[in-house]
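Descriptive analysis of the structure
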Amino acid sequence: MRASARNQLTGTVTSIRDGSVNDEIELQTVSGIKIVASVTRSSREIMALNVGVAVTALIKASAVVLVTDAEGMRFSARNQLTGVVARVNKGAVNSEVLLNLNAGEQLVAVVTNESADNLDLAVGQAGTALFKAGSAILAVKA
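These lines cover the structure that appears in this document, whether it is placed above or below. (Residues numbered from 1 in each chain as written. Predicted model: local features only at pLDDT ≥ 70, side-chain atom pairs only at ≥ 80, totals over all residues. Heavy atoms only, no water.)

1. Brief notes about the pairing of strand β4 (residues 54-59)
Note the cut-off: The cut-offs for exposure are 20% and 50% of the maximum accessible area for each residue type, with area from a 1.4 Å probe on protein chains only; residues under the lower value are buried, those over the upper are exposed, and the others partly exposed. Runs of E in the DSSP output that reach at least two residues are strands. Runs of H or I that reach at least four are helices, and both are numbered from the N terminus. Two strands pair under a simple rule: DSSP has to find at least two bridges between them.
Among the 6 residues of β4, 5 are classified as buried, and the element is accordingly described as predominantly covered. The pairing of strand β1 (residues 7-17) with β4 spans 6 bridges and is classified as antiparallel. Opposite threonine 12, over in β4, you have alanine 54 as the bridge partner.

Below, the structure written as C-alpha coordinates:
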(Lines give C-alpha, C1' and ligand atoms only; values in the text may rest on other atoms or scores of the structure.)
Protein backbone atom coordinates (compact mmCIF):
# COMPACT_ATOMS: atom_id res chain seq x y z
CA MET A 1 0.00 0.00 0.00
CA ARG A 2 1.20 3.48 -0.81
CA ALA A 3 -0.33 6.39 1.08
CA SER A 4 0.54 9.99 1.78
CA ALA A 5 0.29 9.49 5.56
CA ARG A 6 3.85 9.42 6.90
CA ASN A 7 3.00 7.18 9.82
CA GLN A 8 1.92 3.64 9.02
CA LEU A 9 1.86 1.26 11.98
CA THR A 10 0.88 -2.31 11.18
CA GLY A 11 -0.60 -4.67 13.71
CA THR A 12 -3.50 -6.89 14.69
CA VAL A 13 -6.89 -5.95 16.11
CA THR A 14 -6.86 -6.95 19.79
CA SER A 15 -10.20 -5.61 20.97
CA ILE A 16 -13.34 -3.87 19.78
CA ARG A 17 -15.64 -1.73 21.85
CA ASP A 18 -19.09 -1.25 20.34
CA GLY A 19 -20.60 2.20 20.24
CA SER A 20 -23.93 3.44 18.95
CA VAL A 21 -22.33 5.33 16.04
CA ASN A 22 -18.57 4.83 16.31
CA ASP A 23 -16.72 1.73 17.42
CA GLU A 24 -13.38 1.78 19.21
CA ILE A 25 -10.78 -0.51 17.65
CA GLU A 26 -7.59 -1.34 19.52
CA LEU A 27 -4.64 -2.79 17.67
CA GLN A 28 -1.22 -3.90 18.76
CA THR A 29 1.85 -3.71 16.56
CA VAL A 30 4.45 -6.47 16.41
CA SER A 31 6.67 -4.40 18.72
CA GLY A 32 3.87 -4.08 21.28
CA ILE A 33 2.62 -0.55 20.63
CA LYS A 34 -1.10 -0.17 21.29
CA ILE A 35 -3.09 2.14 19.03
CA VAL A 36 -6.73 3.08 19.51
CA ALA A 37 -8.81 4.14 16.50
CA SER A 38 -12.38 5.33 16.32
CA VAL A 39 -14.28 4.23 13.21
CA THR A 40 -17.93 4.31 12.26
CA ARG A 41 -19.91 1.14 12.71
CA SER A 42 -20.49 1.12 8.95
CA SER A 43 -16.74 1.25 8.23
CA ARG A 44 -16.11 -1.54 10.71
CA GLU A 45 -18.68 -3.74 8.98
CA ILE A 46 -17.52 -2.93 5.44
CA MET A 47 -13.89 -3.63 6.40
CA ALA A 48 -14.83 -6.78 8.35
CA LEU A 49 -12.82 -5.57 11.34
CA ASN A 50 -12.75 -8.29 13.96
CA VAL A 51 -10.30 -9.37 16.65
CA GLY A 52 -7.31 -11.01 14.98
CA VAL A 53 -7.57 -9.10 11.69
CA ALA A 54 -4.35 -7.53 10.37
CA VAL A 55 -4.64 -3.74 10.03
CA THR A 56 -2.50 -0.72 9.34
CA ALA A 57 -3.09 2.52 11.22
CA LEU A 58 -2.39 5.62 9.13
CA ILE A 59 -1.67 8.81 11.04
CA LYS A 60 -0.86 12.05 9.28
CA ALA A 61 2.25 13.71 10.68
CA SER A 62 0.30 16.96 11.07
CA ALA A 63 -2.17 15.20 13.42
CA VAL A 64 0.60 14.31 15.88
CA VAL A 65 1.18 16.68 18.81
CA LEU A 66 4.55 16.52 20.56
CA VAL A 67 4.99 17.21 24.26
CA THR A 68 8.08 17.32 26.43
CA ASP A 69 8.42 17.66 30.19
CA ALA A 70 4.98 16.07 30.60
CA GLU A 71 5.74 14.62 34.03
CA GLY A 72 2.56 14.46 36.07
CA MET A 73 0.33 15.59 33.18
CA ARG A 74 -2.69 13.66 31.90
CA PHE A 75 -4.00 14.07 28.37
CA SER A 76 -7.33 13.26 26.76
CA ALA A 77 -5.67 11.87 23.61
CA ARG A 78 -6.02 8.09 23.68
CA ASN A 79 -2.74 7.49 21.86
CA GLN A 80 0.37 8.51 23.81
CA LEU A 81 3.63 7.12 22.47
CA THR A 82 6.91 7.93 24.19
CA GLY A 83 10.31 8.06 22.58
CA VAL A 84 13.41 10.07 21.78
CA VAL A 85 13.88 12.70 19.09
CA ALA A 86 16.06 11.20 16.34
CA ARG A 87 15.94 14.05 13.82
CA VAL A 88 14.62 17.60 13.48
CA ASN A 89 14.39 18.84 9.90
CA LYS A 90 13.60 22.55 9.99
CA GLY A 91 11.82 24.05 6.99
CA ALA A 92 10.73 27.58 6.20
CA VAL A 93 7.56 27.35 8.32
CA ASN A 94 7.37 23.86 9.84
CA SER A 95 9.74 21.30 11.27
CA GLU A 96 9.57 17.58 10.63
CA VAL A 97 10.43 15.66 13.79
CA LEU A 98 11.30 11.97 13.79
CA LEU A 99 10.67 10.24 17.11
CA ASN A 100 12.22 6.84 17.83
CA LEU A 101 9.54 5.16 19.93
CA ASN A 102 10.52 3.16 23.00
CA ALA A 103 9.11 0.03 21.34
CA GLY A 104 11.56 0.35 18.44
CA GLU A 105 9.29 1.90 15.81
CA GLN A 106 9.32 5.47 14.52
CA LEU A 107 6.73 8.22 14.29
CA VAL A 108 6.94 11.51 12.40
CA ALA A 109 5.34 14.76 13.55
CA VAL A 110 5.13 18.06 11.71
CA VAL A 111 5.09 21.05 14.04
CA THR A 112 5.54 24.76 13.47
CA ASN A 113 9.06 26.10 13.81
CA GLU A 114 7.81 28.26 16.66
CA SER A 115 6.63 25.15 18.51
CA ALA A 116 9.91 23.35 17.81
CA ASP A 117 11.79 26.34 19.22
CA ASN A 118 9.51 26.66 22.26
CA LEU A 119 10.03 22.95 23.04
CA ASP A 120 13.79 23.25 22.40
CA LEU A 121 13.50 20.11 20.27
CA ALA A 122 16.87 18.46 19.75
CA VAL A 123 18.23 15.03 18.92
CA GLY A 124 18.31 12.84 22.02
CA GLN A 125 15.50 14.66 23.79
CA ALA A 126 12.68 12.60 25.29
CA GLY A 127 9.20 13.32 24.04
CA THR A 128 5.69 11.98 23.77
CA ALA A 129 3.62 11.88 20.60
CA LEU A 130 -0.11 12.39 21.12
CA PHE A 131 -2.92 11.81 18.64
CA LYS A 132 -6.62 11.27 19.04
CA ALA A 133 -8.33 7.99 18.21
CA GLY A 134 -10.24 9.82 15.47
CA SER A 135 -6.94 10.74 13.78
CA ALA A 136 -6.00 7.11 13.17
CA ILE A 137 -7.35 5.82 9.87
CA LEU A 138 -7.42 2.04 9.56
CA ALA A 139 -6.66 0.07 6.40
CA VAL A 140 -7.03 -3.63 5.63
CA LYS A 141 -6.09 -5.69 2.60
CA ALA A 142 -8.93 -5.94 0.10
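Having seen the structure, we can now continue with the description.
2. Looking at the nonpolar core
Keep this limit in mind: Take the buried Ala, Val, Leu, Ile, Met, Phe, Trp, Tyr and Cys residues and link them wherever side-chain atoms come within 4.5 Å; each set so joined is a nonpolar core.
Core analysis: the largest hydrophobic core is formed by 28 residues, its most contacted members being Ile35, Val64, Leu66, Leu107, Phe131 and Leu138. Sorting the residues of this core by element identifies β1, β2 (22-29), β3 (34-40), β4, β6 (79-90), β7 (94-101), β8 (106-112) and β9 (126-131) as the ones contributing at least two each.

3. Brief notes about the sheet that holds β7
Heads up, the condition is: Each axis is a line fitted through C-alpha atoms, taken for helices only over the stretch in contact, and angles between the N-to-C directions span 0 to 180 degrees.
Judged by pairing direction, the sheet is antiparallel, and its 5 strands sit side by side in the order β5-β9-β6-β7-β8 without closing on themselves. Only two strands of the sheet have a single neighbouring strand rather than two, namely β5 (65-67) and β8. The sheet shows a mean angle of 45° between the axes of neighbouring strands, direction not considered. Here 7 bridges tie β7 to β8, and the two strands are oriented antiparallel to one another. Within the sheet, the bridge partner assigned to serine 95 lies in β8 and is valine 111.

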